[in-house]
Amino acid sequence: MDIFTWFSIIGTIAFAVSGAIVAMEEEYDILGVYVLGLVTAFGGGVIRNLLIDVPITMLWSQGMLLKTAVVAMTIAFVLPVKWIKHWKRSEAFFDAIGLSAFAIQGALYATGKHPLSAVIVAAMLTGIGGGMIRDVLAGRKPLVLRDEIYAVWAMMAGAAIGLGWFETTFELLFLFVIVIVFRMLSVHYKWKLPRRSLKFVLAQSVHAEELQEERAAETKENKKKEGRV
């Protein structure tokens with residue numbers, strides 16, 4: 001098997017198990033476990049295919065990957081709880097493996113056929129698309145949009161491949177490790193992109209308006225009482 005296939009297998013296992021465990025955390029039945037696991041493992045690739053004009057039906061030709069995902073999810077479903085707890089402690093690491101593998105896979109799909117911008121977006125969507133769909137279906141806020149730096153590493157991997165900096169098998173493996181290392185560093189040191197929260201400000205504004213309306217009503221009521229007197 002070529003390096004492209006290995007990245008596909010690694011990413012599929014990592015994300016299928018991730019989706020299965022999220023489904024069990026949300027107390028889904030076994031069908032929900034399989035659905036969420038498959039969506040996590042293949043959702044990003046489907047979105048990427050739509051972007052770069054690859055037939056979505058190509059998914060059904062990936063029989064080996066579908067079987068791999070089903071086997072991985074079945075193992076996750078029957079694992080003892082203590083083993084799942086061990087996996088949860090290493091969740092960020094396995095997630096980083098899936099992100100790196102799928103980002104590189106997505107970039108390789110688009111390289112040579114599309115411009116650099118499309119390669120970068122293909123890498124990002126393949127790396128984070130499945131996780132975003134998983135979180136939405138599980139009723140959670142998408143982790144990739146509010147957690148430590150995540151999608152940026154996928155975009156950088158796509159840019160590096162699109163620019164031709166990493167082409168050989170050894171170079172791609174090296175890039176695979178680099179993305180994992182930087183993702184884990186961002187988790188350890190809690191690196192985050194700049195953010196601006198309006199939640200508290202807007203809540204204060206609404207509260208101030210309500211308070212102003214209450215005072216105006218009290219003033220009006222007091223004037224009525226004074227007029228009666």
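Details of the structure are given in the entry above.
The structure displayed is predicted, hence computed values, not measured ones.

## Digging into the overall build of the protein
Consideration 1: Across its full length, the protein carries nine helices and zero strands.
Consideration 2: Reading the secondary structure of the protein in the N-to-C direction produces α-α-α-α-α-α-α-α-α.
Consideration 3: Residues counted as buried form 41% of the 229 residues belonging to the protein.
Consideration 4: For the protein, the share of sequence-separated contacts (at least 6 apart) that also reach a separation of at least 24 residues comes to 76%.
Consideration 5: Of the roughly 13500 Å² of accessible surface on the protein, a fraction of 66% belongs to carbon and sulfur atoms.

## What to know about empty space enclosed by the protein
Consideration 1: All chains considered together, the criterion is met by one cavity of 30 Å³ or more.
Consideration 2: Computed from the structure, the largest cavity encloses a volume of approximately 140 Å³.
Consideration 3: Lining the largest cavity are 15 residues, with F42, G45, R48, L59 and Q62 positioned closest to its centre.
Consideration 4: Elements that contribute at least two residues to the lining of the largest cavity include exactly α2 (30-51) and α5 (91-110).
Consideration 5: Per-element tally for the lining of the largest cavity: the top contributor is α2, with six residues.
Consideration 6: Residues that form the lining of the largest cavity fall into these classes: eight nonpolar, six polar and one charged.

## Some remarks on unusual backbone geometry
Consideration 1: We note that E27 has phi near 65°; this positive angle belongs to a residue other than glycine.
Consideration 2: Examined against the element boundaries, E27 turns out to sit in the loop between α1 (3-25) and α2.
Consideration 3: Residue E27 is classed as exposed on the basis of its relative accessible area, which comes to 72%.

## Quick notes on the environment of T168
Consideration 1: One can find T168 in the loop between α7 (151-162) and α8 (169-188).
Consideration 2: Take T168: its relative accessible area is 42%, and that puts it in the partly exposed class.
Consideration 3: When the C-alpha atoms of T168 and I3 are compared, they prove to be 9.3 Å apart, with 165 residues separating the residues in sequence.

## Comments concerning a nonpolar patch on the surface
Consideration 1: Where nonpolar side chains cluster on the molecular surface, the patch consists of I30, L31, V35, F77 and V78 and spans about 460 Å² of accessible area.
Consideration 2: Counting only elements with at least two residues in the nonpolar patch, the list comes to α2 and α3 (63-78).
Consideration 3: Top contributing element to the nonpolar patch by residue count: α2, with three residues.
Consideration 4: By the secondary structure assignment, V78 is in helix α3.

## Considering the nonpolar core
Consideration 1: Core analysis: the largest hydrophobic core is formed by 55 residues, its most contacted members being F7, I104, I128, L172, L175 and F176.
Consideration 2: Excluding anything up to four places from it in sequence, F176 contacts F7, I10, I97, S100, A101 and I104.

Parameters at a glance
- In every chain, residue numbers begin from 1 and rise along the written sequence.
- Totals for whole chains, interfaces and linings use every residue, but because this is a predicted model, local features are given only for residues with pLDDT of at least 70 and side-chain atom pairs only at 80 or more, for both listing and counting.
- The side-chain values count all of the structure's non-hydrogen atoms but skip hydrogen atoms and water molecules.
- Here a strand is any run of E in DSSP of at least two residues, a helix any run of H or I of at least four, and the numbering for each starts at the N terminus.
- Here the term buried applies to any residue with accessible area under 20% of the maximum for its type, exposed to any over 50%, and partly exposed to those in between, with areas from a 1.4 Å probe on protein chains only.
- Residues count as neighbours in contact if any of their non-hydrogen atoms are within 4.5 Å of one another.
- We get accessible surface area from the Shrake-Rupley algorithm with a probe of 1.4 Å; when it comes to residues, only the shown protein chains can shield them.
- For each structure, a 1 Å grid was placed over the protein atoms alone; sets of points admitting a 1.4 Å probe that cannot get out are labelled cavities, open sets with protein on both sides within 12 Å along at least five of seven lines are labelled pockets, and lining residues have an atom within 4 Å of a point.
- Grid points are joined across faces, edges and corners, and a volume is the space filled by probe spheres set on the points.
- Side-chain classes are defined by residue name, with Ala, Val, Leu, Ile, Met, Phe, Trp, Tyr, Cys and Pro counting as nonpolar, Asp, Glu, Lys and Arg as charged, and the others, Gly among them, as polar.
- Think of a patch as exposed residues, more than 30% relative accessible area, with no salt bridge, where like charges cluster within 9 Å and nonpolar side chains (Val, Leu, Ile, Met, Phe, Trp, Tyr) cluster within 5 Å.
- Salt bridges are defined as contacts in which a side-chain nitrogen from Lys or Arg sits within 4 Å of a carboxyl oxygen from Asp or Glu.
- In this description, a nonpolar core means a group of buried Ala, Val, Leu, Ile, Met, Phe, Trp, Tyr and Cys residues linked to one another through side-chain atoms lying within 4.5 Å.

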